[in-house]
Amino acid sequence: MVHQSSGARPGPFRRIFSSSRNRLVDSEKSPAPQMAQPSQQIAAAAALTGPAKLAAVTSLMDKLTQDLTSINLLPHQRDSALEELKIYGRDPRDADPIFTKEGIETLTRHAFNSPSSTTSRNALRVLCNALLLKQETRQMFVDLGYEAKACSKLKSDNRDDEFLVSRILFLTTYGTNTNLVELIDKHHLADAIRKNLERHAKHRTVTSSATDPMEDMALTETLKLLFNISHYCKDRISSFTAAIPHIVTILCKGSFPSQKPLDPPTGSLVNTLLNLDIGAKDIQASLYPQSDPNLLASHLIDLLTRSMIAYGNDLEVSVTPLVGVIRAIHEHAPEDVRKFIREQLLPTEADRTEALGRTDSLPSWLLKNSTNPVAPQLRETISNLFFDMSDNDASTFVENVGYGFASGFLFNRNLPVPQNASEAFSTARSGPNRPVNPITGQFLDAERRPEGPEMTEAEREREAERLFVLFERLRANGVISAENPVRTAVQEGRFEELPDDYEEELD
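Residues numbered from 1 in each chain as written. Predicted model: local features only at pLDDT ≥ 70, side-chain atom pairs only at ≥ 80, totals over all residues. Heavy atoms only, no water.

Some thoughts on the overall build of the protein chain
Right, so step 1: Of the regular secondary structure elements, the protein chain holds 25 helices and two strands.
Right, so step 2: Of all 507 residues assigned to the protein chain, the portion counted as buried reaches 48%.
Right, so step 3: Here the protein chain displays about 25700 Å² of accessible surface, and carbon together with sulfur accounts for 50% of that area. (Helix = DSSP H or I, 4+ residues; strand = E, 2+ residues; numbered from the N terminus. Buried < 20%, exposed > 50% of the residue type's maximum accessible area, 1.4 Å probe, protein only. Areas by Shrake-Rupley, 256 points an atom, 1.4 Å probe, with all protein chains shown as cover.)

Quick word on the packing of aromatic side chains
Right, so step 1: Scanning the model with the defined rule gives seven aromatic pairs in all.
Right, so step 2: Plain terms: the ring middles of Phe-170 and Tyr-174 are 5.5 Å apart, the flat faces sit at 80° to each other, and that makes the pair edge-to-face. We note that Phe-170, like Tyr-174, is buried.
Right, so step 3: Among the aromatic residues, those joined into a cluster by ring pairs are Phe-112, Phe-141 and Tyr-146.
Right, so step 4: Above the face of the Phe-99 ring, Lys-134 is positioned so that its terminal group lies 5.8 Å from the ring centre.
Right, so step 5: In this structure, Arg-434 is placed above the aromatic ring of Phe-443, and the distance from its NZ or CZ to the ring centre is 3.8 Å. (Phe/Tyr/Trp six-rings, centres within 6.5 Å; stacked < 30°, edge-to-face > 60°. Lys NZ or Arg CZ within 6 Å of the ring centre and 35° of its normal.)

What to know about helix H4 (residues 75-89)
Right, so step 1: Relative to the 21 Å expected for 15 residues at 1.5 Å per residue, H4 spans 21 Å between its end C-alpha atoms, a close match to the ideal helical length.
Right, so step 2: Within the span of H4, buried status applies to Arg-78, Asp-79, Ala-81, Leu-82, Glu-84, Leu-85, Lys-86, Ile-87, Tyr-88 and Gly-89.
Right, so step 3: Buried residues belonging to H4 abut helix H2 (40-47), helix H3 (50-69), helix H5 (101-113) and helix H6 (117-133). (Expected span 1.5 Å × (residues − 1). Contact = heavy atoms within 4.5 Å.)

Thoughts on the pattern of salt bridges
Right, so step 1: All told, the structure shown has 21 salt bridges when counted by the stated rule.
Right, so step 2: Taking the shortest distance from any N to any O, the salt bridge between Asp-157 and Arg-199 comes out at 3.3 Å. Of this pair, Asp-157 sits in the loop between helix H8 (147-154) and helix H9 (159-171) while Arg-199 sits in helix H11 (residues 189-206), placing them 42 residues apart in sequence.
Right, so step 3: Residue Glu-198 pairs with Lys-195 through a salt bridge whose shortest N-O separation is 3.7 Å. One end of the pair, Glu-198, and the other, Lys-195, are both in helix H11, three residues apart, so they sit about a helical turn from each other.
Right, so step 4: The exposure class of Glu-198 is buried, given its relative accessible area of 16%.
Right, so step 5: Accessibility expressed as a relative area gives 33% for Lys-195, which makes it partly exposed.
Right, so step 6: What you see here is one network of salt bridges that share partners, running through Asp-157, Arg-159, Glu-162 and Arg-199. (Salt bridge = Lys/Arg side-chain N within 4 Å of Asp/Glu carboxyl O.)

Quick look at the nonpolar core
Grouped burial of nonpolar side chains is what soluble globular proteins tend to show.
Right, so step 1: If you look at the biggest cluster of nonpolar residues, it comprises 122 residues, and the most contacted ones within it are Ile-98 and Ile-341.
Right, so step 2: When residues of this core are assigned to their parent elements, the largest contribution, nine residues, is made by helix H12 (residues 213-232). (Core = buried A, V, L, I, M, F, W, Y, C linked by side-chain atoms within 4.5 Å.)

Examining the side chain of Lys-53
Right, so step 1: Within the secondary structure, Lys-53 is located in helix H3.
Right, so step 2: There is no salt bridge for the buried Lys-53, and the closest opposite charge comes from Asp-91, which lies 4.7 Å off by N-O distance.
Right, so step 3: Those residues within four positions of Lys-53 in sequence are excluded, and the remaining contacts are Leu-48, Tyr-88, Asp-91, Arg-93, Asp-94 and Ala-95. (Lys, Arg positive; Asp, Glu negative; His and termini not counted.)

Observations regarding the packing of H3 against H5
Right, so step 1: Look at H3 against H5: their axes get within 10 Å of each other, and the N-to-C directions meet at 55°. The angle between H3 and H5 falls in the class oblique. In this structure, H3 meets H5 at a crossing whose hand is left-handed. Contacts between H3 and H5 pair Met-61, Leu-64, Thr-65, Asp-67 and Leu-68 from the former with Gly-103, Thr-106, Arg-109 and His-110 from the latter. (Axes fitted to C-alpha atoms, helices over the stretch in contact; angles between N-to-C directions. Parallel < 35°, antiparallel > 145°, perpendicular 65-115°, else oblique. Left-handed = near helix turned anticlockwise from the far one by under 90°.)

Digging into the packing of helix H20 (residues 362-369) against helix H21 (residues 376-389)
Right, so step 1: At their nearest, the axes of H20 and H21 sit 8 Å apart, and the two run at 125° to each other. In this view, H20 runs oblique relative to H21, as classed from their interaxial angle. Residues Pro-363, Leu-366, Leu-367 and Asn-369 of H20 pack against Leu-378, Arg-379, Ile-382 and Phe-386 of H21.
Right, so step 2: Looking at the contact of H20 with H21, its residues break down into six nonpolar, one polar and one charged. (Nonpolar A, V, L, I, M, F, W, Y, C, P; charged D, E, K, R; others polar.)

Here's the deal with the environment of Leu-300
Right, so step 1: Looking at the secondary structure, you find Leu-300 in helix H16 (residues 295-310).
Right, so step 2: A C-alpha to C-alpha distance of 7.3 Å links Leu-300 and Leu-322, two positions 22 residues apart in sequence.
Right, so step 3: Those residues in contact with Leu-300 that sit more than four places away from it in its chain are Leu-251, Val-270, Leu-322, Val-325, Ile-326 and Ile-329.

Some words on a nonpolar patch on the surface
Right, so step 1: Among the surface-exposed residues, Leu-467, Leu-470 and Leu-474 lie close enough to one another that they form a single nonpolar patch of about 230 Å² accessible area.
Right, so step 2: Relative to the assigned elements, Leu-474 resides in helix H24 (residues 457-476).
Right, so step 3: By relative accessible area, which is 31% here, Leu-474 ends up partly exposed. (Patch = residues over 30% accessible without salt bridge, like charges linked within 9 Å, V, L, I, M, F, W, Y side chains within 5 Å.)

Looking at unusual backbone geometry
Right, so step 1: The residue after Pro-264, namely Pro-265, is reached through a cis peptide bond having omega 0°.
Right, so step 2: Note that Pro-265 resides in the loop between helix H13 (244-253) and helix H14 (266-275).
Right, so step 3: Although it is not a glycine, His-188 adopts a positive phi angle of roughly 60°.

Take a look at the structure:
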């Protein structure tokens with residue numbers, strides 16, 4: 001059996017969800033802007049620090065622990081205690097009893113054993129914050145063996161439960177020895193995630209935007225959990241294939257308020273697709289529906305177009321997964337969809353009026369970032385996408401992007417340079433044949449010619465003499481050690497002295 005342990009897992013995707021992972025859990029509808037004013041008790045709790053705060057936390061934890069063995073709190077007293085404890089737990093200073101083994105056990109038992117959904121969710125919020133703020137508490141939670149109850153609670157048709165339990169399970173994928181395979185095979189985690197995504201997809205078919213902020217927050221937490229599970233437990237990726245149609249539905253039909261095109265949950269939807277089996281036969285109809293086979297590809301390319309402007313120095317983390325998903329969609333798509341993607345992403349005739357990569361189009365943006373020195377994963381993914389769109393053929397690749405952009409990619413993969421790489425070629429996907437510069441990819445008739453008259457024969461001779469003398473001086477001073485090519489030509493009899501009245505014959 002594969003046992004997936006999740007220590008400090010380094011890797012390119014660890015930061016993808018970092019921003020949303022660092023939010024503390026607040027009220028039931030947090031962070032809804034129209035939150036009720038806190039009670040005087042809660043306000044007082046927020047102001048406590050030092051020994052007074054520690055004493056208050058200790059007292060609350062003792063009451064909640066005793067309440068588990070002999071019920072001594074009324075429901076509203078229990079909920080009030082947990083609400084106050086949540087305020088204290090936002091800052092781990094002077095709140096040590098929350099983060100002990102005993103404290104985590106108390107919170108866990110209230111969260112998963114309480115018959116009251118209100119008490120359960122209040123305890124879950126305190127527990128979420130504890131697991132977020134102190135990494136060692138995650139293993140404490142795992143050691144309690146509540147995986148089955150957590151997965152069972154995740155099946156609840158409630159967005160607060162979905163949000164809280166998904167976050168707890170997500171946090172346990174870092175720094176613990178939780179058995180991910182067992183979560184999937186024994187506790188049916190994949191089924192719970194798929195069911196929640198199905199609920200979100202059905203909701204999006206009725207209305208494109210969420211009326212409750214918790215809808216999008218819960219969706220994001222579910223996607224974060226799915227991403228980590230599929231990233232760290234690759235042996236069970238097939239268990240999540242059935243979730244792909246729901247992810248695609250939400251992505252294409254959802255409308256999410258955001259400042260940038262790949263803000264959660266849109267970016268989370270894209271990132272999740274990156275790990276899943278896009279090529280599975282039984283989900284192809286959902287990726288390329290007969291009514292509109294280009295729907296998903298068009299939506300992804302639109303996101304990429306908007307991301308050109310929205311992201312500056314954050315391309316590596318934000319945009320790389322999107323390009324990777326487009327590449328996967330292209331790889332498994334029907335021929336008509338592949339043709340559509342190539343028409344959108346390969347350089348057009350308008351792009352070839354300049355050297356490739358110099359216009360403001362999406363293909364030019366991709367080409368420029370295929371050599372981006374500060375985004376190695378992005379440039380690698382873009383180059384692979386262009387090579388795929390060239391049918392993995394080096395000659396076609398050079399024709400599509402120019403030898404200047406293709407040379408590094410071919411060299412790094414030990415692929416032979418096409419023999420005709422230095423020869424002009426014609427491209428005529430649309431319009432008349434026009435010769436193209438093989439290095440820059442620009443139409444030859446669009447290249448700028450040097451201004452002014454050409455050099456006369458006498459000027460050429462003087463320039464050649466100047467270069468010959470300069471070469472000799474560099475060699476004499478030890479700057480270079482190579483032999484002067486002109487001297488070598490004379491010594492080998494390949495140098496011919498022309499008469500003054502010589503005229504070059506032109507074809």
